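# Fold and geometry: a report
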Amino acid sequence: MKANEHHTAASIVADPHQPQSAAPLVSIIMPTYNRAHLVLETIRSIQNQTYSSWELIIVDDGSDDNTEAVVVSLEDERISFHKAGRVNRNGAIKNTGLQKARGALIAFIDSDDLWHERKLEKQVAALQAHPSAGFSLVGGYNFEEGNPLHEYFYPQREGEMFGSIFLALFRAEIAVFVQALLLRRECLDITGGFPEETVFSDPDFIINLSRHFPCILLYEPMLYRRIHKGNHSHSTWVKGYEKGIALLQSYRGDPMVPRELLRTAVFKTYIHFGEKHLRYNERTKALHKFFRAWLMRPGSIVPLKKTCRAFLSLMNYFEPRRHKEHKGARRKTI
């Protein structure tokens, strides 16, 4: 197969109203760790799906709270709970779930996120309508408890797009959340499972999937991604940016990724990284990221503008302190 060719996925989608006694069509894999206070709401969003032919495989990464008791109390035969011990590797936990999955279609959800009740129904129908698609993605938004504003993944809220999203991923046009994914199990024969050597394995998995198979993307928001201290701490977003840059740079020399597109992707990531540091008043770190962006594109004026902004912010930070120290010195002199 040539590098720019896609595999064709067979039409393996069954009737969404098939009897529950049949082997589950959709295997939903949920990693969890100490989410007893949130996991029940996530499970309810699965139980409320209009598409009823599913199994939920919960893989516990060594929780020391009562997550297991919460799950077992539901007494739902479609839900299984598996203890993996403390692995602390996202890819390894998901691969454990894949090994236990029986469905022809595979979905993933984090134990703190929610789905629209028709997510599975609409994605199954989309794959049925596009038999050559290997997987489907949906739109969604980030939300915080008590905050009425939502951060949407895409500007559009309806419609669909079918085709390759491989290069679009490098243009940051696609949200890379596996919670939005539904894929045909047979795709794994080509791509394999999740990489296990890294904490942030989800983008790797989706990029690899898109390298080999077309996607049917539904823009309607059907994934609700919860933002809280446990998944949006300072160290988490810093590692996320660092991983993103390392992932992009790993595609240097890849014949499917144009060199200029890759440089632009790394450039933009450094710019966004620096802007995030500025929002946290980490001005020196922001300057460093803007400098790295400039190295990627020395002819661009954008890093210079961002650097000036950071310097001004730094001066505004020190000026009141300098003025206060000067006044204190004058008092002592008097």
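The following refers to the structure shown. (Residues numbered from 1 in each chain as written. Predicted model: local features only at pLDDT ≥ 70, side-chain atom pairs only at ≥ 80, totals over all residues. Heavy atoms only, no water.)

## Quick notes on the overall build of the chain
Where we set the bar: What counts as a helix is a DSSP run of H or I of at least four residues, what counts as a strand is a run of E of at least two, and both are numbered from the N terminus. Relative accessibility thresholds used throughout: buried, under 20% of the residue-type maximum; exposed, over 50%; partly exposed, between the two (1.4 Å probe, protein chains only). Residue contacts are counted whenever heavy atoms from the two residues lie within 4.5 Å of one another. Per-residue accessibility takes into account occlusion by the displayed protein chains alone, with areas from the Shrake-Rupley method and a 1.4 Å probe.
When helices and strands are counted, the chain shows eleven helices and ten strands. Expressed as a percentage of the 334 residues in the chain, the buried residues total 49%. Counting contacts in the chain only where the partners sit at least 6 residues apart, residues at least 24 apart contribute 79% of the total. Only carbon and sulfur atoms are counted for the fraction: they give 52% of the accessible area of the chain, which is about 17000 Å².

## As for a nonpolar patch on the surface
Using the following cut-off: Think of a patch as exposed residues, more than 30% relative accessible area, with no salt bridge, where like charges cluster within 9 Å and nonpolar side chains (Val, Leu, Ile, Met, Phe, Trp, Tyr) cluster within 5 Å. For salt bridges, the criterion is a side-chain nitrogen of Lys or Arg within 4 Å of an Asp or Glu carboxyl oxygen.
A cluster of nonpolar side chains, contributed by Phe291, Trp294, Leu295, Ile301, Val302 and Leu304, occupies part of the molecular surface with about 530 Å² of accessible area. Elements with a minimum of two residues in the nonpolar patch: helix H10 (283–296) and helix H11 (302–333). Broken down by element, the residue count for the nonpolar patch peaks at three residues, all from H10. Topologically, Leu295 is positioned in helix H10.

## Quick word on unusual backbone geometry
You will see that Glu75, though not glycine, has its phi angle at about 50°, which is positive. Tracing the backbone shows Glu75 in the loop between helix H2 (67–72) and strand E3 (79–83). In this model, Asn88 sits at a positive phi of 60°, which is unusual for a non-glycine residue. Structurally, Asn88 is set in the loop between E3 and helix H3 (90–100).

## Here's the deal with the pairing of strand E2 (residues 54–60)
Regular strands place their side chains on alternate faces of the sheet. Put simply, the test is: Any two strands with at least two DSSP bridges between them are considered paired. By the criterion used throughout, a crossover qualifies as right-handed when its path from the first strand across the helix to the second strand runs clockwise, the strands pointing away from the viewer.
Within E2, seven of the seven residues are buried, which leaves the element mostly enclosed by the surrounding structure. Neither face of E2 is exposed, since Trp54, Leu56, Ile58 and Asp60 on one face and Glu55, Ile57 and Val59 on the opposite face are all buried. Sheet topology note: the strand E1 (residues 26–32)/E2 ladder contains seven bridges and is parallel. Bridging across to E2, Thr32 finds its partner in Asp60. Crossover E1 to E2 through helix H1 (residues 39–47) is right-handed. In this sheet, E3 lies alongside E2 in parallel orientation, the contact comprising five bridges. By the bridge assignment for E3, Val59 is matched with His82. For the crossover from E2 across H2 to E3, the handedness is right-handed.

## Observations concerning the pairing of strand E6 (residues 135–143)
Summarising burial for E6: nine of the nine residues are buried, a large majority. Judged by which residues are buried, E6 turns out to be covered on both faces: Phe135, Leu137, Gly139, Tyr141 and Phe143 on one side and Ser136, Val138, Gly140 and Asn142 on the other are all buried. In terms of strand pairing, E6 meets strand E9 (residues 181–184) through three bridges, oriented antiparallel. Residue pairing for E9: Ser136 is matched across the bridge by Leu182. Inspection of the sheet shows E6 paired to strand E10 (residues 215–226) by nine bridges, in the parallel sense. Within the sheet, the bridge partner assigned to Asn142 lies in E10 and is Arg225. Relative to strand E7 (residues 151–152), E6 runs antiparallel, the two being bridged by two bridges. Residue pairing for E7: Asn142 is matched across the bridge by Glu151.

## Points about the packing of aromatic side chains
We apply this condition: To pair, rings of Phe, Tyr and Trp, with the six-membered ring standing in for Trp, must have centres within 6.5 Å; the planes then decide the type, stacked if under 30 degrees apart, edge-to-face if over 60, and tilted in the middle. A ring is considered to have a charge above it if a Lys NZ or an Arg CZ atom is located within 6 Å of its centre and within 35 degrees of its normal.
For the coordinates displayed, the defined rule picks out 15 aromatic pairs. Each ring, one from Tyr154 and one from Tyr219, has its centre 5.4 Å from the other, and the planes form 85°; the classification is edge-to-face. Remark: Tyr219 occurs in strand E10 and Tyr154 occurs in the loop between E7 and strand E8 (160–163); sequence separation between them is 65 residues. When sorted by exposure, Tyr154 lands in the same class as Tyr219, which is buried. A cation over an aromatic ring shows up here: Arg86 above the ring of Tyr33, its NZ or CZ 3.8 Å from the ring centre. We note Lys289 situated over the ring of Phe273; from NZ or CZ to the ring centre the distance is 4.5 Å.

## Some points on H1
For the record, the criterion: What the arc covers is the set of directions going from the helix axis to the C-beta atoms.
Those residues of H1 lying buried are Val39, Thr42, Ile43, Ser45 and Ile46. Buried residues along H1 cover an arc of 155° about the axis, so they all sit on one side. Where H1 is buried, its residues touch E1, E2, H2, E3 and strand E5 (114–115).

## Comments concerning the pattern of salt bridges
Under the criterion given, the structure shown has 16 salt bridges. Where Arg78 meets Asp76, a salt bridge forms, and the shortest distance between an N and an O atom there is 3.0 Å. Given the relative accessible area of 16%, Asp76 is considered buried. Taking the shortest distance from any N to any O, the salt bridge between Glu121 and Arg118 comes out at 3.0 Å. Residue Arg118 is classed as partly exposed on the basis of its relative accessible area of 33%. It is possible to trace a salt-bridge network through shared partners that takes in Glu41, Glu145 and Arg226.

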